[in-house]
Amino acid sequence: MDLQFSDKDLAFQEEVRSFLKENLPANLLDRSDRGLHPLKDEIVAWQKVLHEKGWVAPNWPVEHGGPGWSLTQKYIYNREYFLSGAPQTIAFGLNMVGPVIYTFGTEEQKADYLQDILESNVWWCQGYSEPGSGSDLASLRTRAVRDGDDYIINGQKIWTSWAQHADMMFCLVRTDTECKPQEGISFILIDMKTPGIEVRPIIGLDKEHSLNEVFFTDVRVPARNLIGEENRGWTYAKFLLGNERHIIARVARSQYQLARLKEIARTERRGAGYLIDDADFRRRIAKVEVDLIALEAMELRYLSQEIAGRKLTAEPSVLKINGAEIAQLIKTLTIEALGSHGMAYEPDPVFQRRNDRPIGPDYLHGAMADHLYQRAATIYGGTNEIQRNIIAKLILG
Ligand SMILES: Cc1cc2nc3c(=O)[nH]c(=O)nc-3n(C[C@H](O)[C@H](O)[C@H](O)COP(=O)(O)OP(=O)(O)OC[C@H]3O[C@@H](n4cnc5c(N)ncnc54)[C@H](O)[C@@H]3O)c2cc1C
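Residues numbered from 1 in each chain as written. Predicted model: local features only at pLDDT ≥ 70, side-chain atom pairs only at ≥ 80, totals over all residues. Heavy atoms only, no water.

Asks: Describe the overall build of the chain, listing the residues and the values that go with them.
Replies: Within the chain one finds 13 helices and 10 strands. For a compact globule of 397 residues, the expected C-alpha radius of gyration is about 21 Å, and the chain comes in at 22 Å, within 12% of that figure. Its C-alpha atoms put the chain at 75 × 50 × 45 Å along the principal axes. Taking all 397 residues of the chain together, 51% fall into the buried category. (Helix = DSSP H or I, 4+ residues; strand = E, 2+ residues; numbered from the N terminus. Rg over C-alpha atoms; globule rule 2.2 N^0.38 Å. Buried < 20%, exposed > 50% of the residue type's maximum accessible area, 1.4 Å probe, protein only.)

Asks: Tell me about the packing of aromatic side chains, residues and numbers included.
Replies: Ring pairs (aromatic) are described by centroid distance and by the angle formed between their planes. Taken as a whole and judged by the stated rule, the model has 16 aromatic pairs. With a centroid separation of 5.0 Å and 65° between ring planes, the pair formed by Phe12 and Trp69 is classed as edge-to-face. Residue Phe12 is found in helix 1 (residues 7-23), and its partner Trp69 is found in the loop between helix 3 (40-53) and helix 4 (71-83); the two are separated by 57 residues along the sequence. Of the two residues examined, Phe12 and Trp69, each falls in the buried class. Between the aromatic rings of Trp55 and Trp69, the centroid separation amounts to 5.8 Å while the plane-to-plane angle is 65°, which identifies the pairing as edge-to-face. With Trp55 in the loop between helix 3 and helix 4 and Trp69 in the loop between helix 3 and helix 4, the pair connects residues that are 14 residues apart, well separated along the chain. A relative accessible area of 12% means that Trp69 is categorised as buried. One aromatic cluster is present, built from ring pairs that chain together Phe12, Phe19, Trp55, Trp69, Tyr77, Tyr81 and Phe82. Positioned above the aromatic ring of Tyr151, the side-chain terminus of Arg146 is 5.4 Å from the ring centre. Cation over ring: Arg269 sits above Tyr274, and NZ or CZ is 4.4 Å from the ring centre. (Phe/Tyr/Trp six-rings, centres within 6.5 Å; stacked < 30°, edge-to-face > 60°. Lys NZ or Arg CZ within 6 Å of the ring centre and 35° of its normal.)

Asks: Let's hear about helix 8 (residues 251-267): which residues, and what values?
Replies: Helix length check: helix 8 (17 residues) gives 25 Å between terminal C-alpha atoms against 24 Å at 1.5 Å per residue, within 8%. Those residues of helix 8 that sit buried are Val251, Ala252, Arg253, Ser254, Gln255, Tyr256, Gln257, Leu258, Leu261, Ile264 and Ala265. (Expected span 1.5 Å × (residues − 1).)

Asks: Give a detailed account of empty space enclosed by the protein, specifying residues and quantitative values.
Replies: This model, assessed by the stated rule, comprises three cavities of 30 Å³ or more. Lining the largest cavity we find 14 residues, and of these Asp33, Arg260, Ile264, Lys331 and Thr334 sit closest to its centre. Within the residue set of the lining of the largest cavity, elements represented by two or more residues are helix 8, helix 10 (315-337) and helix 12 (367-374). When residues of the lining of the largest cavity are assigned to their parent elements, the largest contribution, four residues, is made by helix 8. (1 Å grid on protein atoms, 1.4 Å probe; cavity = no way out; pocket = protein on both sides within 12 Å on 5 of 7 lines; lining within 4 Å. Points joined across faces, edges and corners; volume = space filled by probe spheres on them.)

Asks: Please provide a residue-by-residue account of the site of the ligand, values included.
Replies: As a structural note, the neighbourhood of the ligand is formed by 18 residues, with Ser129, Ser135, Trp159, Thr383 and Glu385 the closest of them. Contact between the ligand and Tyr128: an oxygen atom at 2.9 Å from a main-chain N or O atom of the residue. Contact between the ligand and Glu385: an oxygen atom at 2.6 Å from a side-chain N or O atom of the residue. Protein coverage of the free-state accessible area of the ligand, which is 970 Å², stands at 65%. When residues in the shell around the ligand are grouped by element, the largest group, three residues, is from helix 13 (residues 384-396). Here the shell around the ligand is built from residues that sort into nine nonpolar, eight polar and one charged. (Near = heavy atom within 4 Å. Polar contact = N/O pair within 3.5 Å; in protein donor to acceptor, adjacent residues only side chain to side chain. Areas by Shrake-Rupley, 256 points an atom, 1.4 Å probe, with all protein chains shown as cover. Nonpolar A, V, L, I, M, F, W, Y, C, P; charged D, E, K, R; others polar.)

Asks: Could you give an account of helix 12, with specific residues and numbers?
Replies: Of all eight residues making up helix 12, six are buried, and the element is well covered by its neighbours. Among all positions in helix 12, only Ala367, Met368, Ala369, Asp370, His371 and Gln374 are buried. The secondary structure elements touched by the buried residues of helix 12 are helix 10. (Contact = heavy atoms within 4.5 Å.)

Asks: Can you lay out a nonpolar patch on the surface for me, pointing to particular residues and giving the numbers?
Replies: On the surface, Leu394, Ile395 and Leu396 cluster together to form a nonpolar patch covering roughly 320 Å² of accessible area. Along the chain, Leu394 turns up in helix 13. (Patch = residues over 30% accessible without salt bridge, like charges linked within 9 Å, V, L, I, M, F, W, Y side chains within 5 Å. Salt bridge = Lys/Arg side-chain N within 4 Å of Asp/Glu carboxyl O.)

Asks: Mind laying out the packing of helix 4 against helix 8, listing which residues take part and the relevant values?
Replies: As a packed pair, helix 4 and helix 8 sit with axes 8 Å apart at the nearest point and diverge in direction by 25°. Classified by the interaxial angle, the pair formed by helix 4 and helix 8 is roughly parallel. Handedness of the crossing formed by helix 4 with helix 8: right-handed. On helix 8, the residues touching Asn78, Arg79, Phe82 and Leu83 of helix 4 are Ala252, Arg253, Gln255 and Tyr256. Counted by class, the contact of helix 4 with helix 8 contains four nonpolar, two polar and two charged residues. (Axes fitted to C-alpha atoms, helices over the stretch in contact; angles between N-to-C directions. Parallel < 35°, antiparallel > 145°, perpendicular 65-115°, else oblique. Left-handed = near helix turned anticlockwise from the far one by under 90°.)

Asks: An account of the pairing of strand 7 (residues 211-222) is requested, with residue identities and associated values reported.
Replies: Sheet analysis places strand 3 (residues 150-158) next to strand 7, joined by eight bridges and oriented antiparallel. In the sheet register, Tyr151 faces strand 7, and the bridge partner there is Val221. Pairing of strand 6 (residues 197-202) with strand 7 involves six bridges; the strand directions are antiparallel. Of the residues in strand 7, the one forming a bridge with Val199 is Val214. (Pairing = 2+ DSSP bridges.)

Shown next, in the form of structure tokens:
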């Protein structure tokens, strides 16, 4: 592995660090620290600040509004971003459909959508999963039938995160039933205000409304909203999923949360001393810390390979599996560190209705809901079992 930060990179690191320190809003940081989802208005406002600085879309090419950073600078930025405690920017526009549009979209689509994504003017959601078509995504059945200049769409999506906020959905639809499942899928952009769309909430294990079902009944979508070619949607969908898995590894976010866990263990009393003095708990923290160091080394190794020009294949899956499992373990240990208070369950809607302080220590609010939501980290973006299948196929042969 050959990766050394140059003086220029180190100066850049310092610039990122101080910008985040000076500009990250305290309320956003506070919610993020407590493991609460950011509020829509607050995260949009923050993304606009990042956009003004030119940093909201680190991976985008310069010609579409990206900052033109090297791979090393992108790595440094992401690391510093999460070490600052800042919440993940909403990925659907910036990390998912944006790159699909500038890579595969028409000039008209680029002009219509990219600037609004950069400015966070439009909230996107991801319409991939359906009942019965999650891991086996290629079996999806939401049907799009061409009718003149439009497609008529009928069917159902499920687990659609934040669809209740969404202005637009990028959606996988079946446009051909007479071929291999993967060859009859198209990728289309849908205005969520189109008649015939119904969004119904699913309340999660964490008692929050982040998930939805979306129903389509004779929804008329202009054919110009199709990305690329009809029936080539699987190619664009896979391109997008590769980016999504990279995000889920979130090494620096776990490092930040591990530091917080240690802080809690130094504060929580056990018997005559503090939890951090308990040999067994220290051993478990040390184990997760070693795993995280190994994951960071792996991420750096892949980065140095990318810099050397090697194209990654199943590596995002390796990062996703390990990153998600480590993040879950840190949350489990956090709940254990809170002792009996850890059992208190104060999801955000309940907390907001209270006019007193949270039960137990201040840092408790949100901890259990976050722990429960994190159970999904090994499911969304393709389950860890599916990632293992990908590794078996692509790396082990
Ligand atoms: C919090 C959350 C947010 C989500 N957000 C979105 C979103 O915004 N948009 C969207 O489109 N989807 C979203 N999803 C859906 C997610 O992508 C699917 O849940 C996931 O792909 C798994 O599909 P499934 O739920 O149908 O489970 P299934 O595919 O039915 O899997 C059930 C179990 O069987 C295992 N399994 C299935 N097939 C295999 C196999 N071949 N080999 C080994 N094991 C297998 C799985 O690993 C899993 O443990 C979200 C899910 C969650 C939990």
